[in-house]
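Working through the structure, step by step
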Amino acid sequence: MIKANDPSLTSWVEVDPKSDFPIQNLPFGIFKTQSSSPRIGVAIGDQVLDLAILNKLGFLDNLKIDNSVFTNQYLNDFIALGKQTTMAVRERISNLLNANNAELRDNKEAQAKVLQYISNVQMQMPVRIGDYTDFYSSIDHATNVGTMFRDPTNALLPNWKHLPVGYHGRASSIVVSGTDFHRPKGQTKPADSELPVFGPTKLLDFELETAFIIGKSTNMGESVTTANAGDYIFGMTLFNDWSARDVQTWEYVPLGPFLAKNFASTISPWIVTMEALEPFRTAGYTQEPKVLPYLEYSGDKNIDIQLDVIIQPENGEETLVSHSNYKFMYWTMEQQLAHHTVNGCNINIGDVMASGTISGPTPESFGSMLEITWRGTKPVKMKDGSERKFINDNDTVIMRGYAEKDGVRIGFGEAKGKVLPTL
Ligand code: MN
């Protein structure tokens with residue numbers, strides 16, 4: 001077992017049992033305050049540990065990392081140090097925060113400099129994203145969509161069980177949790193109209209997804225295998241791939257998603273490392289028919305991560321509309337990465353690869369309003385008495401996620417965004 005994952009570890013920093021960020025998690029993010037420039041932080045309980053000051057004060061001296069890596073507006077340079085080093089940083093921080101270690105515990109002066117409440121800082125985009133790819137790897141989601149839009153008896157297209165279907169998305173409009181955006185406009189073709197019309201989307205939806213962040217670059221021509229894919233994955237976040245369903249229906253043939261998807265995607269600010277998630281690995285689907293050799297893998301490669309979607313009307317109460325789980329994925333991250341690079345396509349540190357909508361087998365676990373309301377035919381009852389078929393103006397959609405076992409909860413925080421009226 002990785003030492004920092006030991007369920008018996010406790011910290012001298014007070015951590016609520018319901019917190020997403022116990023000492024076993026230690027996710028990395030970028031934060032700033034009114035008085036300080038962006039820098040790397042690690043979440044512990046409801047506080048953030050400032051790695052730039054921690055390093056400056058000498059607490060990370062054994063790692064010999066230039067402070068410019070920590071006083072940085074992105075994690076890319078830190079990730080580029082390599083897994084050996086970033087894992088060593090995680091181990092050192094685990095050690096410093098350990099209840100049995102007096103180094104920082106008994107140094108109140110240093111504590112005051114390196115710790116502050118998350119509620120007092122502004123979380124930033126964690127990485128500079130060069131490229132963004134979105135997959136379509138949940139079998140229940142693909143089956144639901146195929147059933148609704150094509151043919152219930154042939155819901156999955158012939159390629160679906162042979163390769164992890166994906167498309168290249170747009171990195172420029174990926175925004176950090178808490179960033180509001182305006183309802184997008186576009187072309188749609190109403191069923192009763194012969195010609196398309198232009199206006200605000202009427203069918204704005206969320207897609208419950210996770211994303212993994214590339215931790216090691218490749219050169220053109222190189223391929224990552226399912227066996228070594230783990231070396232190339234730094235960690236995971238929550239991801240809301242906002243979608244305009246009416247725009248999508250009209251535009252997507254034959255080249256796939258375009259303006260229906262690229263107006264905004266919301267990412268959670270904390271990157272949970274693959275090391276912290278390792279104890280939650282679980283078996284995936286039996287893949288039948290058998291996949292081609294380059295997609296074969298061994299071991300438990302799915303991960304048990306509970307995922308919630310909440311809609312919060314303006315000034316209203318939260319209503320839980322979906323409770324899903326990352327373990328319902330048919331294709332694993334390792335397979336997605338092997339497939340993505342099998343043709344020699346290069347990947348770069350900070351690239352984002354999203355899972356695709358994560359739906360489970362039951363309606364409570366569907367990962368989009370399209371599926372939850374079955375194209376709007378079964379509206380969702382909200383706690384304030386109103387109904388939702390899709391997302392209204394001034395609604396906030398909040399995604400939360402956590403893995404939990406042996407009394408340890410490895411959480412992701414939130415990916416949240418509010419839809420403002422069309423500009
Ligand atoms: Mn998607």
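Residues numbered from 1 in each chain as written. Predicted model: local features only at pLDDT ≥ 70, side-chain atom pairs only at ≥ 80, totals over all residues. Heavy atoms only, no water.

A few words now on the confidence of the model for the protein chain. Detailed conclusions should not be drawn from predicted coordinates in areas where pLDDT is low. Overall, the prediction assigns the protein chain a mean pLDDT of 97, with 100% of residues at 70 or greater. Of all helices and strands in the protein chain, the one with the weakest mean pLDDT is helix α6 (residues 139-149) (96), whereas strand β1 (residues 28-32) scores best (99). (pLDDT = per-residue confidence, 0-100. Helix = DSSP H or I, 4+ residues; strand = E, 2+ residues; numbered from the N terminus.)

What follows is about the domain arrangement of the protein chain. Parsing the protein chain into structural domains produces domain 1 (3-123) and domain 2 (132-420). Relative placement of domain 1 and domain 2: their C-alpha centres are 29 Å apart. Each partner contributes to the interface: domain 1 provides 27 residues, whereas domain 2 provides 28 residues. Of the roughly 2100 Å² buried where domain 1 meets domain 2, counting both sides, 65% is carbon and sulfur surface. Taken together, the connections running from domain 1 to domain 2 amount to two salt bridges. Between aspartate 20 and arginine 409 there is a salt bridge, with the nearest N and O atoms lying 3.0 Å from each other. Summed over the shared surface of domain 1 and domain 2, the result is ten residue pairs in polar contact (both at pLDDT 80 or more). Of the residues assigned to the side of domain 1 that touches domain 2, the class counts are 15 nonpolar, eight polar and four charged. (Domains from an automatic or database assignment. Contact = heavy atoms within 4.5 Å. Buried area = accessible area lost by both parts, 1.4 Å probe. Salt bridge = Lys/Arg side-chain N within 4 Å of Asp/Glu carboxyl O. Polar contact = N/O pair within 3.5 Å; in protein donor to acceptor, adjacent residues only side chain to side chain. Nonpolar A, V, L, I, M, F, W, Y, C, P; charged D, E, K, R; others polar.)

A separate point is the packing of aromatic side chains. Inspection of the entire model under this criterion finds eleven aromatic pairs. Arranged with centres 4.8 Å apart and planes meeting at 70°, the rings of phenylalanine 181 and tryptophan 242 form a pair that is edge-to-face. Taken as a pair, phenylalanine 181 in strand β9 (residues 181-182) and tryptophan 242 in the loop between β14 (233-240) and β15 (243-244) lie far apart in primary sequence, 61 residues in all. The residues phenylalanine 181 and tryptophan 242 share a single accessibility class, namely buried. By relative accessible area, phenylalanine 181 is classed as buried at 9%. One aromatic cluster is present, formed by Phe28, Phe70, Phe78 and Phe234 through successive ring pairs. The ring of phenylalanine 149 carries the charged tip of arginine 375 above its face, separated from the ring centre by 4.3 Å. The aromatic ring of phenylalanine 280 is capped on one face by lysine 405, whose charged end is 5.9 Å from the ring centroid. (Phe/Tyr/Trp six-rings, centres within 6.5 Å; stacked < 30°, edge-to-face > 60°. Buried < 20%, exposed > 50% of the residue type's maximum accessible area, 1.4 Å probe, protein only. Lys NZ or Arg CZ within 6 Å of the ring centre and 35° of its normal.)

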